[in-house]
Amino acid sequence: MTESLLEVHQLVKSYPGGRGLGRARPRVYAVNGVSFDVAAGECVGIVGESGCGKSTLARAIMGLTPVDSGEVRLRGKPTADRARGRPALQMVFQDAFGSLNPLMTVAQTVAEPAVVHGLVSREDAFAYVVDLLAQVGLREEFARRRPRDLSGGQRQRVAIARALATDPDLIIADEPVSALDVSIQAQVLSLLRDLAARRALSVLFIGHQLPVVANIADRVLVMYLGEIVEAGPSAEVFRDPRHPYTRALLASQPGRHRRGASPMLTGELPSQFEALDGCAFRSRCPQVVASCHEPVPEVMLGEKRSCRCVFAQGPARELQPAPARTE
Ligand SMILES: Nc1ncnc2c1ncn2[C@@H]1O[C@H](COP(=O)(O)OP(=O)(O)O)[C@@H](O)[C@H]1O
Ligand SMILES: [Mg+2]
């Protein structure tokens, strides 16, 4: 058993939302009881539609937003009482342009966190940056440029170099390639994968396309309305998805028409006001039965494989009609 680098335990984060005032205002459960861990050197993917809570989860793990309840541990210690030393967690965002200071050169941007945390002196900073740029596939000349003089892919490489500057244990990459051209996406993804392997770095890779996430990650977590509904080794989840939502996600990929797949996801993601009693996916699921209105336990299908569906073990032989909804 490899050591857990990051442990996320029963994390809950809600926001006030919808209509109403004060206490009458319903809350949106953006992250609703999420637990998982990441081993040292492991690349874990999180996939789900826009609005399912991926970025909120990332921000909560980074400590950038207060949570309602739950805990995040890094090497066994709660991150809440982490000493302000070298930041062991770093983040790369979808919008590299927004996350880079337009007035600073690449060298200044990349060196800043390392200088602030005393990893390198100001005199040695330029050489330090040039080495980091080489690791992300950029030549020395890029050190003197500013964000506006870079392409989208180059900016994202700079953002990755900046994240690497404090020699973190884990990088959270939140849709890092979603804003890039398809041909550039593959290059940035293979860069992240190479860096993870070369530097024994853990990566939490967030995306909305299951094939992309499954391709880069060792293990994938499928998120729906703030909950992890399926988890397992990427190849297994991709080959044999057990949750109807995972199947629908796969079927909704452009150019994929799997036989026996669930219909494409239609409509908007319902809003997650107040925690639902039963399965969160039941309003869009093609195979709802009575027990879907009860709390759905997480079914373990192997050491690292789980699914939160009453049919996790296999397809139903006979589907019961759903009872009339009383709520
Ligand atoms: N600052 C906020 N205030 C209120 N609601 C928010 C805030 N941030 C996110 N949400 C809500 O939380 C849910 C999850 O959002 P988000 O984490 O951004 O999802 P994703 O990254 O998967 O697209 C959405 O319903 C969104 O509207
Ligand atoms: Mg997001």
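Everything below is about the structure shown above.
Notes on the structure in this doc start here.

Thresholds, definitions, all that
- Residues numbered from 1 in each chain as written.
- Chains lettered and ligands numbered in written order.
- Predicted model: local features only at pLDDT ≥ 70, side-chain atom pairs only at ≥ 80, totals over all residues.
- Heavy atoms only, no water.
- Helix = DSSP H or I, 4+ residues; strand = E, 2+ residues; numbered from the N terminus.
- Buried < 20%, exposed > 50% of the residue type's maximum accessible area, 1.4 Å probe, protein only.
- Contact = heavy atoms within 4.5 Å.
- Pairing = 2+ DSSP bridges.
- Axes fitted to C-alpha atoms, helices over the stretch in contact; angles between N-to-C directions.
- Core = buried A, V, L, I, M, F, W, Y, C linked by side-chain atoms within 4.5 Å.
- Salt bridge = Lys/Arg side-chain N within 4 Å of Asp/Glu carboxyl O.
- Near = heavy atom within 4 Å.
- Polar contact = N/O pair within 3.5 Å; in protein donor to acceptor, adjacent residues only side chain to side chain.
- Areas by Shrake-Rupley, 256 points an atom, 1.4 Å probe, with all protein chains shown as cover.

A tally of regular secondary structure across the protein gives nine helices and 12 strands. Each of the 327 residues in the protein was classed as buried or not, and the buried ones make up 50%. Within the protein, contacts between residues separated by at least 24 positions form 65% of all contacts whose residues are at least 6 apart in sequence.

A word on unusual backbone geometry. Not every positive phi belongs to a glycine, and Gln10 is a case in point at roughly 50 degrees. Tracing the sequence through the fold places Gln10 in strand S1 (residues 4-16). Positive phi outside glycine occurs at Ala200, with the angle close to 50 degrees. Position of Ala200 among the secondary structure elements: in the loop between helix H6 (182-199) and strand S8 (202-207). Here Ala200 falls in the exposed class, since its relative accessible area comes to 60%.

A word on the sheet that holds strand S3 (residues 43-47). Strand order across the open sheet formed by eight strands is S6-S7-S8-S3-S9-S10-S12-S11, with mixed pairing between neighbours. Strand pairing shows two members of the sheet lacking a second neighbour, strand S6 (89-92) and strand S11 (299-300), which therefore form its edges. Sheet analysis places strand S10 (residues 227-233) next to strand S12 (residues 306-307), joined by two bridges and oriented antiparallel. By the bridge assignment for S12, Ala231 is matched with Ser306. Helix-sheet contacts for helix H1 (residues 54-62) involve S3, S6, strand S7 (170-174), S8 and strand S9 (219-224), and the interaxial angle to S6 is about 150 degrees.

We now examine helix H4 (residues 125-135). For H4, every residue scored as buried is listed here: Ala125, Val129, Val130, Leu132, Leu133 and Gln135. Contacts from the buried residues of H4 go to helix H3 (106-116), helix H5 (152-164) and H6. Positioned one or two residues after H4, Gly137 has a phi angle of 80 degrees, which is positive.

A few words now on the environment of Leu89. Structurally, Leu89 can be placed in strand S6. Judged by its relative accessible area of 4%, Leu89 falls in the buried class. Taking the C-alpha atoms as reference, Leu89 lies 9.9 Å from Thr79; in sequence the two are 10 residues apart.

Moving on, we get to the sheet that holds strand S2 (residues 27-39). Pairing is antiparallel in the open sheet, where four strands are placed in the order S2-S1-S4-S5. Two strands bound the open sheet, and with one partner strand each, they are S2 and strand S5 (77-78). Relative to S5, strand S4 (residues 69-74) is paired through two bridges, and the arrangement is antiparallel. Bridged to Arg73 within S5 is Pro78. Those strands touched by H1 are S1, S2 and S4, and its axis lies near 120 degrees from that of S1.

The biggest cluster of nonpolar side chains holds 68 residues, and the ones touching the most others in it are Leu133, Val136, Ile160, Leu164, Phe205 and Tyr245. Residue contacts for Leu164: discarding those within four places in its chain leaves Leu132, Val136, Ile171, Leu195, Arg199 and Leu201. Counting 29 residues, the second-largest nonpolar core is a separate cluster that includes Val34, Ile46, Ala60 and Val72.

Throughout the structure, instances matching the rule amount to 16 salt bridges. Where Arg144 meets Glu140, a salt bridge forms, and the shortest distance between an N and an O atom there is 3.8 Å. Under the relative-accessibility criterion, Glu140 is labelled partly exposed at 40%. Note that Arg199 and Asp167 form a salt bridge whose closest N and O atoms lie 3.2 Å from each other. Taken together, the residues span a long stretch of sequence, with Arg199 in helix H6 and Asp167 in the loop between H5 and S7 at a distance of 32 residues.

What follows concerns the site of ligand 1. Lining the immediate environment of ligand 1, one finds 13 residues, of which Gly51, Gly53, Lys54, Ser55 and Thr56 sit closest. The contact in question runs from a nitrogen atom of ligand 1 to an N or O atom on the side chain of Tyr15, over 3.5 Å. Separating an oxygen atom of ligand 1 from a backbone N or O atom of Gly53 is a distance of 3.1 Å. Look at ligand 1: alone it shows 560 Å² of surface, and the protein chains cover 63% of it. Only S2 and H1 provide two or more residues apiece to the shell around ligand 1. If you tally residues by element for the shell around ligand 1, the top one is H1, at four residues.

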